[in-house]
Amino acid sequence: MRKKIVAGNWKMNTTIQEGIALVNELQKLIHDGNIGSANVIIAPPFTHLSEIINVTKNSVIKVSAQNCANELKGAFTGEVSVAMLQSIGVSHCLIGHSERRSYYHEDNAMLNKKVKLALQAGITPIFCCGEVLKEREEGKLFEVIKSQISEALFDLSADDYSKIIIAYEPVWAIGTGVTASPAQAQEMHAFIRNLITEKYGKQIADETSLLYGGSCNAANANELFAQADIDGGLIGGASLKAADFYTIITSF
Ligand code: PGA
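The rules behind these values
- Residues numbered from 1 in each chain as written.
- Predicted model: local features only at pLDDT ≥ 70, side-chain atom pairs only at ≥ 80, totals over all residues.
- Heavy atoms only, no water.
- Helix = DSSP H or I, 4+ residues; strand = E, 2+ residues; numbered from the N terminus.
- Rg over C-alpha atoms; globule rule 2.2 N^0.38 Å.
- Buried < 20%, exposed > 50% of the residue type's maximum accessible area, 1.4 Å probe, protein only.
- Contact = heavy atoms within 4.5 Å.
- Areas by Shrake-Rupley, 256 points an atom, 1.4 Å probe, with all protein chains shown as cover.
- Lys, Arg positive; Asp, Glu negative; His and termini not counted.
- Charge placed at Lys NZ, Arg CZ, Asp CG, Glu CD.
- Core = buried A, V, L, I, M, F, W, Y, C linked by side-chain atoms within 4.5 Å.
- Near = heavy atom within 4 Å.
- Polar contact = N/O pair within 3.5 Å; in protein donor to acceptor, adjacent residues only side chain to side chain.
- Nonpolar A, V, L, I, M, F, W, Y, C, P; charged D, E, K, R; others polar.
- Phe/Tyr/Trp six-rings, centres within 6.5 Å; stacked < 30°, edge-to-face > 60°.
- Lys NZ or Arg CZ within 6 Å of the ring centre and 35° of its normal.
- Axes fitted to C-alpha atoms, helices over the stretch in contact; angles between N-to-C directions.
- Parallel < 35°, antiparallel > 145°, perpendicular 65-115°, else oblique.
- Left-handed = near helix turned anticlockwise from the far one by under 90°.

A.B. asks: Pulling in residues and values, what's your account of the overall build of the protein?
C.D. replies: Broken down by element type, the protein carries twelve helices and eight strands. Taking 18 Å as the expected radius of gyration for a compact globule of 252 residues, we find that the protein reaches 17 Å, a close match to that expectation. Judged by the C-alpha coordinates and their principal axes, the protein covers about 45 × 45 × 35 Å. Out of the 252 residues belonging to the protein, those deemed buried represent 52%. Partitioning the intrachain contacts of the protein with sequence separation of at least 6 by distance along the chain shows that 72% fall at a separation of at least 24. Looking at the protein as shown, the accessible area adds up to about 11400 Å², and 53% of this sits on carbon and sulfur atoms. The average position of the 22 basic charges and that of the 27 acidic charges among the side chains of the protein differ by 4 Å.

A.B. asks: Let's hear about the nonpolar core: which residues, and what values?
C.D. replies: The biggest cluster of nonpolar side chains holds 69 residues, and the ones touching the most others in it are Phe-127, Ile-149, Leu-153, Ile-166 and Ile-192. Sort the elements by how many residues they give to this core and helix H9 (residues 182-200) lands first, with six residues. Residues contacting Ile-149, with those up to four places away along its chain left out, are Phe-127, Cys-129, Phe-154, Ile-166, Ile-192 and Leu-195. Ile-5, Ala-43, Cys-128 and Leu-211 belong to the second largest nonpolar core, which has eleven residues in total.

A.B. asks: With reference to specific residues and values, describe the site of the ligand.
C.D. replies: Taken together, 13 residues lie around the ligand, and Lys-11, His-97, Glu-169, Gly-175 and Ser-215 are the ones closest in. Note that an oxygen atom of the ligand is positioned 2.7 Å from one of the backbone N or O atoms of Ser-215. Here an oxygen atom of the ligand sits 2.8 Å away from a polar atom, N or O, in the main chain of Gly-236. Protein contact buries 94% of the 280 Å² of open area that the ligand shows by itself. Along the lines of polarity and charge, the residues of the shell around the ligand split into four nonpolar, seven polar and two charged.

A.B. asks: Describe the packing of aromatic side chains, naming the residues involved and giving the relevant values.
C.D. replies: Applying the stated rule across the entire model yields six aromatic pairs. A ring pair is formed by Phe-154 and Tyr-161, whose centres lie 6.5 Å apart and whose planes are at 75°; its orientation type is edge-to-face. In terms of burial, Phe-154 and Tyr-161 fall into one category: buried. Here the aromatic rings of Phe-154 and Tyr-200 are separated by 5.5 Å at their centres, their planes lie at 85°, and the arrangement is edge-to-face. Placement of Phe-154 in the loop between helix H7 (141-153) and helix H8 (158-161) and of Tyr-200 in helix H9 is noted, with a sequence separation of 46 residues between them. Judged on exposure class, the residue Phe-154 and its partner Tyr-200 are both buried. Ring pairs connect the aromatic residues Phe-154, Tyr-161 and Tyr-200, which therefore count as one cluster. Its guanidinium or amino end placed over the ring of Tyr-104, Arg-100 lies 4.1 Å from that ring's centre, counting from NZ or CZ.

A.B. asks: Give a detailed account of unusual backbone geometry, specifying residues and quantitative values.
C.D. replies: With glycine set apart, most residues show a phi of negative sign, and most peptide bonds adopt trans. At Lys-11, a position not held by glycine, the phi torsion is positive, near 55°. Counting through the fold element by element, Lys-11 comes out in the loop between strand S1 (4-9) and helix H1 (16-32). For Ser-215, which is not glycine, the phi dihedral falls at a positive 55°. Considering the arrangement of structural elements, one finds Ser-215 in the loop between strand S7 (210-213) and helix H11 (221-225).

A.B. asks: For the packing of helix H5 (residues 108-120) against H7, give the residues involved together with the corresponding values.
C.D. replies: Each pair of packed helices can be summarised by the angle the axes make with each other and by the distance between the axes. For the pair H5 and H7, the least separation of the axes is 7 Å and the interaxial angle reads 45°. Relative to H7, the element H5 lies oblique. At the point where H5 passes H7, the crossing takes the right-handed sense. Facing Asn-108, Leu-111, Asn-112 and Val-115 of H5, the residues of H7 in contact are Ser-147, Gln-148, Glu-151, Ala-152 and Leu-153. Considered class by class, the residues forming the contact of H5 with H7 number four nonpolar, four polar and one charged.

Shape is all these values report; function is a separate question.
This is the structure we're talking about:
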């Protein structure tokens, strides 16, 4: 059965002190509560990763990076390689977040390299895709998602592909307070699962965790997660408040 996952993307927020306080608060809620079968991942900034991995070592929380370099090593000032992430115990990495695509011009070919490097290092990619509003309005949303997924992922072997988590995040919903309706989200998740079925077969498609992201919060997570093809969420703003994030984790 595919995993239910809630992943928190902290983006460029929190100092290390604030990050540790946030994770400690979250751990206490998880410890005292009941998260059922949910898998919890947090993606703090690079500077926090080592310390947060240390602080969470006895907890269910897994720690993800928000990005990785598209080269193995060498003269790439300011970049962080998958080997560096692996060496401190990072288990997951966001790849292709829309902010990386739009502000840092990451294209499908570059994301394909990052996905392969992460897999080689034993790090699970959380591959993000999503259309901008204009593409949705022009009816190009399915074509956009198909090219993002097929160009970045579909030259992987079935074995490699089966390790990927996909997050569908409509760009118009990220950080805007406008959430995709459960029906809009489900429609795209079903489309993505179908794409995977066509390429890798039903069994692998059924096992792929598909997360929804974009203004998912403590009030709407329940309805979104109840959709047949939505297996959890990638949460930005609401992951910065432990109580809200905990509510989302327990929204299945
Ligand atoms: P948001 O961000 O929840 O603040 O909309 C989601 C994301 O960018 O992953």
